[in-house]
Amino acid sequence: MSDVQAAPHGRGTGIPYPFDIRPLTDTGGAEITGLDLAAPLDDGMRDAIMRAFLEFHILVFRGQSLTKDQQAVFSKNFGELEHHVGRLPDGSPYPIVHTVTNLDEDGKPTPGAVALGNYFFHTDKSYHDIPSLMTMLHAIELPPSGGDTQFANTQMAYDALSPEMKARISGLKAEHSWEASRRNSGAPPATEEQKRERPPVVHPIVRTHPDTGRKSIYLGNHVSHILGLPAAESDALIAQLMEHVGQPQFTYTHQWRDGDYVMWDNRCLLHRALRNYEMATQRRVLHRTVIIGTAPY
Ligand SMILES: [Fe+2]
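Just so we're clear, the structure is a prediction, and the values are computed from it rather than from any experiment.

Student: So, the sheet that holds strand S5 (residues 132-141): which residues are in play, and what are the values?
Tutor: Here we have seven strands laid out as an open sheet, ordered S1-S2-S3-S13-S5-S15-S4, and mixed in their pairing. Sheet topology places strand S1 (20-23) and strand S4 (98-101) at the edges, where each strand pairs with a single neighbour. Neighbour to neighbour, the strand axes of the sheet diverge by 25° on average, direction disregarded. Pairing of S1 with strand S2 (residues 30-33) involves four bridges; the strand directions are antiparallel. Considered in S2, the bridge of Ile 21 is made with Ile 32. Along the sheet face, helix H1 (residues 43-56) touches S1, S2, strand S3 (58-61) and strand S13 (261-265) and points at about 125° away from the line of S3. This element, helix H2 (residues 68-75), spans S5 and strand S15 (285-292) of the sheet and lies at about 25° to S15.

Shown next as C-alpha coordinates:
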(Lines give C-alpha, C1' and ligand atoms only; values in the text may rest on other atoms or scores of the structure.)
Protein backbone atom coordinates (compact mmCIF):
# COMPACT_ATOMS: atom_id res chain seq x y z
CA MET A 1 0.00 0.00 0.00
CA SER A 2 1.19 3.46 -0.70
CA ASP A 3 -0.21 6.78 0.42
CA VAL A 4 1.11 9.34 -2.03
CA GLN A 5 0.50 13.02 -1.59
CA ALA A 6 -0.91 14.94 -4.55
CA ALA A 7 1.88 15.71 -6.96
CA PRO A 8 2.35 19.33 -8.13
CA HIS A 9 1.67 18.35 -11.75
CA GLY A 10 -1.44 16.32 -11.10
CA ARG A 11 -4.57 16.19 -9.01
CA GLY A 12 -4.43 13.30 -6.63
CA THR A 13 -7.45 12.27 -4.64
CA GLY A 14 -5.47 11.41 -1.51
CA ILE A 15 -7.00 7.91 -1.54
CA PRO A 16 -4.31 5.27 -0.96
CA TYR A 17 -3.36 3.11 -3.92
CA PRO A 18 -3.63 -0.69 -3.67
CA PHE A 19 -0.07 -1.09 -5.02
CA ASP A 20 3.39 0.28 -4.39
CA ILE A 21 3.75 3.55 -6.27
CA ARG A 22 6.54 6.10 -6.19
CA PRO A 23 6.51 9.47 -7.99
CA LEU A 24 9.43 9.82 -10.39
CA THR A 25 9.64 13.57 -11.00
CA ASP A 26 7.75 16.79 -10.38
CA THR A 27 6.79 16.89 -14.06
CA GLY A 28 5.06 13.54 -14.00
CA GLY A 29 5.63 9.85 -13.95
CA ALA A 30 5.26 7.26 -11.22
CA GLU A 31 6.82 3.85 -10.80
CA ILE A 32 4.57 0.96 -9.83
CA THR A 33 6.04 -2.28 -8.53
CA GLY A 34 4.62 -5.59 -7.41
CA LEU A 35 1.89 -5.96 -10.03
CA ASP A 36 1.73 -8.59 -12.78
CA LEU A 37 -0.03 -7.05 -15.76
CA ALA A 38 -0.31 -10.45 -17.44
CA ALA A 39 -2.75 -11.52 -14.71
CA PRO A 40 -6.48 -10.72 -14.96
CA LEU A 41 -7.35 -7.25 -13.71
CA ASP A 42 -10.41 -6.70 -11.52
CA ASP A 43 -12.44 -3.48 -11.71
CA GLY A 44 -11.05 -2.10 -8.46
CA MET A 45 -7.45 -2.47 -9.58
CA ARG A 46 -8.28 -1.13 -13.02
CA ASP A 47 -9.88 1.96 -11.46
CA ALA A 48 -6.90 2.49 -9.16
CA ILE A 49 -4.51 2.33 -12.13
CA MET A 50 -6.68 4.86 -13.93
CA ARG A 51 -6.67 7.13 -10.87
CA ALA A 52 -2.85 6.97 -10.77
CA PHE A 53 -2.77 7.58 -14.52
CA LEU A 54 -4.74 10.81 -14.11
CA GLU A 55 -2.54 11.94 -11.26
CA PHE A 56 0.88 11.11 -12.73
CA HIS A 57 0.23 11.00 -16.52
CA ILE A 58 2.99 8.41 -17.04
CA LEU A 59 2.89 5.06 -15.25
CA VAL A 60 5.97 2.85 -15.29
CA PHE A 61 5.24 -0.75 -14.31
CA ARG A 62 8.50 -2.53 -13.52
CA GLY A 63 9.38 -6.15 -14.10
CA GLN A 64 6.69 -7.11 -16.62
CA SER A 65 6.73 -9.92 -19.17
CA LEU A 66 3.68 -9.88 -21.45
CA THR A 67 3.15 -11.60 -24.76
CA LYS A 68 1.52 -9.51 -27.49
CA ASP A 69 -1.79 -11.24 -26.80
CA GLN A 70 -1.50 -10.49 -23.09
CA GLN A 71 -0.70 -6.87 -23.88
CA ALA A 72 -3.84 -6.67 -26.02
CA VAL A 73 -5.94 -8.11 -23.18
CA PHE A 74 -4.45 -5.73 -20.59
CA SER A 75 -4.79 -2.73 -22.92
CA LYS A 76 -8.48 -3.39 -23.56
CA ASN A 77 -9.19 -2.73 -19.88
CA PHE A 78 -8.74 0.95 -20.70
CA GLY A 79 -10.71 1.32 -23.91
CA GLU A 80 -10.82 0.42 -27.57
CA LEU A 81 -7.58 -0.41 -29.35
CA GLU A 82 -6.51 1.88 -32.19
CA HIS A 83 -5.43 0.78 -35.65
CA HIS A 84 -2.44 2.41 -37.34
CA VAL A 85 -1.99 4.37 -40.57
CA GLY A 86 1.56 3.35 -41.47
CA ARG A 87 2.47 0.21 -43.34
CA LEU A 88 5.07 -2.44 -42.67
CA PRO A 89 7.92 -2.77 -45.21
CA ASP A 90 5.95 -5.48 -47.05
CA GLY A 91 2.97 -3.11 -47.37
CA SER A 92 0.73 -4.86 -44.87
CA PRO A 93 -1.02 -2.90 -42.10
CA TYR A 94 0.47 -2.77 -38.63
CA PRO A 95 -1.02 -5.36 -36.30
CA ILE A 96 -3.07 -4.01 -33.41
CA VAL A 97 -0.16 -4.77 -31.05
CA HIS A 98 2.75 -3.71 -33.15
CA THR A 99 6.49 -3.57 -32.77
CA VAL A 100 8.48 -0.35 -32.45
CA THR A 101 12.05 -1.18 -33.36
CA ASN A 102 15.28 -0.15 -35.05
CA LEU A 103 15.59 -3.62 -36.63
CA ASP A 104 15.17 -3.96 -40.38
CA GLU A 105 13.32 -6.74 -42.22
CA ASP A 106 16.29 -9.04 -41.71
CA GLY A 107 16.40 -8.35 -37.98
CA LYS A 108 19.49 -6.18 -38.19
CA PRO A 109 19.81 -2.89 -36.28
CA THR A 110 19.68 0.18 -38.49
CA PRO A 111 19.03 3.88 -37.82
CA GLY A 112 16.73 3.97 -40.85
CA ALA A 113 14.18 1.45 -39.64
CA VAL A 114 12.41 3.78 -37.21
CA ALA A 115 9.70 6.23 -38.29
CA LEU A 116 11.36 9.65 -38.32
CA GLY A 117 8.35 11.32 -36.74
CA ASN A 118 9.08 9.44 -33.50
CA TYR A 119 12.03 11.74 -32.88
CA PHE A 120 9.95 14.93 -32.76
CA PHE A 121 7.62 15.88 -29.93
CA HIS A 122 4.12 14.76 -30.82
CA THR A 123 0.95 13.39 -29.29
CA ASP A 124 -0.14 10.08 -30.78
CA LYS A 125 -2.81 10.15 -33.48
CA SER A 126 -3.55 13.87 -33.25
CA TYR A 127 -4.15 13.63 -37.02
CA HIS A 128 -7.36 11.76 -36.17
CA ASP A 129 -10.69 13.41 -35.39
CA ILE A 130 -10.66 11.26 -32.28
CA PRO A 131 -7.01 11.10 -31.16
CA SER A 132 -5.66 8.62 -28.70
CA LEU A 133 -6.22 8.59 -24.98
CA MET A 134 -3.20 6.58 -23.99
CA THR A 135 -0.25 4.74 -25.48
CA MET A 136 1.41 1.70 -23.92
CA LEU A 137 4.93 0.52 -24.67
CA HIS A 138 6.43 -2.71 -23.33
CA ALA A 139 10.20 -3.06 -23.47
CA ILE A 140 11.23 -6.34 -25.08
CA GLU A 141 14.87 -5.70 -26.05
CA LEU A 142 16.87 -2.66 -25.00
CA PRO A 143 20.28 -1.22 -25.80
CA PRO A 144 22.76 -1.26 -22.89
CA SER A 145 22.01 2.41 -22.34
CA GLY A 146 19.99 5.12 -24.05
CA GLY A 147 17.06 4.67 -26.39
CA ASP A 148 15.12 6.86 -23.98
CA THR A 149 11.60 8.23 -24.39
CA GLN A 150 11.14 11.86 -23.41
CA PHE A 151 7.85 13.38 -22.28
CA ALA A 152 6.79 17.02 -22.03
CA ASN A 153 3.99 17.98 -19.64
CA THR A 154 1.83 20.31 -21.70
CA GLN A 155 -0.42 21.20 -18.75
CA MET A 156 2.47 22.58 -16.74
CA ALA A 157 3.69 24.35 -19.87
CA TYR A 158 0.27 25.91 -20.39
CA ASP A 159 0.02 27.03 -16.77
CA ALA A 160 3.41 28.75 -17.11
CA LEU A 161 2.37 30.87 -20.10
CA SER A 162 1.92 34.60 -19.58
CA PRO A 163 -1.65 35.89 -19.32
CA GLU A 164 -1.04 37.67 -22.64
CA MET A 165 -0.05 34.45 -24.41
CA LYS A 166 -2.96 32.55 -22.88
CA ALA A 167 -5.30 35.23 -24.21
CA ARG A 168 -3.61 35.17 -27.63
CA ILE A 169 -3.96 31.42 -28.15
CA SER A 170 -7.39 31.07 -26.56
CA GLY A 171 -9.80 29.90 -29.24
CA LEU A 172 -7.11 29.27 -31.88
CA LYS A 173 -7.27 26.02 -33.80
CA ALA A 174 -4.59 24.07 -35.67
CA GLU A 175 -4.75 21.66 -38.56
CA HIS A 176 -3.14 18.27 -37.93
CA SER A 177 -2.48 15.71 -40.64
CA TRP A 178 -0.52 12.60 -41.46
CA GLU A 179 0.80 14.48 -44.48
CA ALA A 180 2.11 17.36 -42.33
CA SER A 181 3.62 14.88 -39.90
CA ARG A 182 5.63 13.25 -42.67
CA ARG A 183 6.68 16.64 -44.02
CA ASN A 184 7.68 18.05 -40.61
CA SER A 185 9.91 15.09 -39.82
CA GLY A 186 11.56 14.87 -43.25
CA ALA A 187 10.03 11.44 -43.87
CA PRO A 188 9.05 10.28 -47.38
CA PRO A 189 5.81 12.06 -48.35
CA ALA A 190 2.47 10.53 -47.44
CA THR A 191 1.02 8.44 -50.25
CA GLU A 192 -2.22 9.46 -51.95
CA GLU A 193 -3.88 6.47 -50.34
CA GLN A 194 -2.71 7.57 -46.88
CA LYS A 195 -3.92 11.13 -47.52
CA ARG A 196 -7.35 9.78 -48.48
CA GLU A 197 -7.34 7.47 -45.46
CA ARG A 198 -6.38 10.28 -43.07
CA PRO A 199 -7.50 13.69 -44.33
CA PRO A 200 -6.51 16.76 -42.25
CA VAL A 201 -8.38 17.44 -39.01
CA VAL A 202 -8.67 20.54 -36.83
CA HIS A 203 -8.17 20.68 -33.07
CA PRO A 204 -7.99 23.53 -30.53
CA ILE A 205 -4.48 24.62 -29.55
CA VAL A 206 -5.59 24.81 -25.94
CA ARG A 207 -7.06 21.46 -24.99
CA THR A 208 -9.14 20.83 -21.86
CA HIS A 209 -8.51 17.45 -20.28
CA PRO A 210 -11.85 15.61 -20.30
CA ASP A 211 -11.20 13.91 -16.95
CA THR A 212 -9.42 16.60 -14.94
CA GLY A 213 -10.56 19.84 -16.61
CA ARG A 214 -6.98 21.12 -16.82
CA LYS A 215 -5.85 23.01 -19.90
CA SER A 216 -2.82 22.09 -21.98
CA ILE A 217 -1.04 23.13 -25.16
CA TYR A 218 -2.12 20.70 -27.87
CA LEU A 219 0.38 20.88 -30.75
CA GLY A 220 3.27 18.70 -31.94
CA ASN A 221 4.85 17.25 -35.03
CA HIS A 222 1.55 16.36 -36.70
CA VAL A 223 0.55 20.04 -36.92
CA SER A 224 0.44 21.77 -40.28
CA HIS A 225 -0.60 25.32 -39.37
CA ILE A 226 -2.80 27.49 -37.20
CA LEU A 227 -6.04 28.47 -38.86
CA GLY A 228 -6.66 32.14 -39.61
CA LEU A 229 -3.07 33.32 -39.28
CA PRO A 230 -0.64 34.29 -42.06
CA ALA A 231 1.79 31.40 -42.68
CA ALA A 232 4.81 33.16 -41.19
CA GLU A 233 2.92 34.12 -38.04
CA SER A 234 1.52 30.62 -37.69
CA ASP A 235 4.97 29.06 -38.09
CA ALA A 236 6.49 31.47 -35.56
CA LEU A 237 3.78 30.89 -32.97
CA ILE A 238 3.99 27.11 -33.30
CA ALA A 239 7.79 27.27 -32.97
CA GLN A 240 7.54 29.55 -29.94
CA LEU A 241 5.05 27.31 -28.15
CA MET A 242 6.94 24.13 -29.00
CA GLU A 243 10.18 25.63 -27.71
CA HIS A 244 8.35 26.61 -24.53
CA VAL A 245 6.86 23.13 -24.02
CA GLY A 246 10.21 21.41 -24.53
CA GLN A 247 12.01 23.25 -21.73
CA PRO A 248 13.68 20.99 -19.14
CA GLN A 249 11.35 22.03 -16.31
CA PHE A 250 8.42 20.48 -18.19
CA THR A 251 10.08 17.27 -19.37
CA TYR A 252 10.73 13.80 -18.00
CA THR A 253 13.13 11.47 -19.79
CA HIS A 254 12.32 7.82 -19.29
CA GLN A 255 15.38 5.59 -19.19
CA TRP A 256 14.05 2.15 -20.03
CA ARG A 257 14.77 -0.88 -17.88
CA ASP A 258 14.25 -4.51 -18.82
CA GLY A 259 10.62 -5.44 -18.22
CA ASP A 260 9.28 -1.89 -18.20
CA TYR A 261 5.67 -1.44 -19.28
CA VAL A 262 4.85 2.26 -19.67
CA MET A 263 1.48 3.88 -20.27
CA TRP A 264 1.03 7.59 -20.80
CA ASP A 265 -1.71 10.18 -21.30
CA ASN A 266 -1.62 11.62 -24.81
CA ARG A 267 -4.11 14.31 -23.81
CA CYS A 268 -1.67 16.25 -21.64
CA LEU A 269 1.78 15.16 -22.82
CA LEU A 270 3.99 15.29 -25.86
CA HIS A 271 6.62 12.59 -26.31
CA ARG A 272 9.52 11.67 -28.54
CA ALA A 273 12.16 8.96 -28.85
CA LEU A 274 15.78 9.97 -28.33
CA ARG A 275 18.53 8.73 -30.60
CA ASN A 276 20.93 8.37 -27.68
CA TYR A 277 22.17 4.86 -28.42
CA GLU A 278 24.17 3.05 -31.11
CA MET A 279 21.28 2.52 -33.52
CA ALA A 280 23.43 0.88 -36.17
CA THR A 281 24.56 -1.95 -33.91
CA GLN A 282 22.31 -2.15 -30.84
CA ARG A 283 18.79 -3.57 -30.74
CA ARG A 284 15.73 -1.77 -29.39
CA VAL A 285 12.38 -3.55 -29.53
CA LEU A 286 9.16 -2.47 -27.83
CA HIS A 287 5.55 -3.58 -28.25
CA ARG A 288 2.97 -0.82 -28.62
CA THR A 289 -0.76 -0.45 -28.15
CA VAL A 290 -2.82 2.72 -28.44
CA ILE A 291 -6.24 3.36 -26.86
CA ILE A 292 -8.77 5.56 -28.66
CA GLY A 293 -9.78 8.70 -26.76
CA THR A 294 -12.33 11.45 -27.30
CA ALA A 295 -12.56 14.52 -29.53
CA PRO A 296 -10.44 17.39 -28.13
CA TYR A 297 -12.18 20.54 -26.92
FE1 LIG B 1 4.38 8.42 -30.55
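Student: Could you give me a rundown of the pairing of strand S8 (residues 201-204), with the residues and numbers involved?
Tutor: Burial of the side chains of S8 is restricted to one face: Val 201 and His 203 are buried, whereas none of Val 202 and Pro 204 on the reverse face is. Pairing of strand S7 (residues 173-176) with S8, which is carried by four bridges, proceeds in the antiparallel orientation. Counted as the bridge partner of Lys 173 is Pro 204 from S8.

Student: Just give me the short version of the sheet that holds strand S11 (residues 223-226), but keep the residues and values in it.
Tutor: Strand pairing within a sheet occurs via backbone hydrogen bonds; the two strands may be parallel or antiparallel. The strand order S8-S7-S11 describes an open sheet built from three strands, whose pairing is antiparallel. Where the open sheet ends on each side, the last strands, each with one partner, are S8 and S11. Sheet twist, expressed as the mean angle between neighbouring strand axes with direction ignored, is 30°. Sheet topology note: the S7/S11 ladder contains three bridges and is antiparallel. Bridge pairing in S11 places Ala 174 opposite Ile 226.

Rules and cut-offs
- Residues numbered from 1 in each chain as written.
- Predicted model: local features only at pLDDT ≥ 70, side-chain atom pairs only at ≥ 80, totals over all residues.
- Pairing = 2+ DSSP bridges.
- Helix = DSSP H or I, 4+ residues; strand = E, 2+ residues; numbered from the N terminus.
- Axes fitted to C-alpha atoms, helices over the stretch in contact; angles between N-to-C directions.
- Contact = placed C-beta atoms within 7 Å.
- Buried ≥ 20, exposed ≤ 12 C-beta atoms within 10 Å, placed from the backbone.

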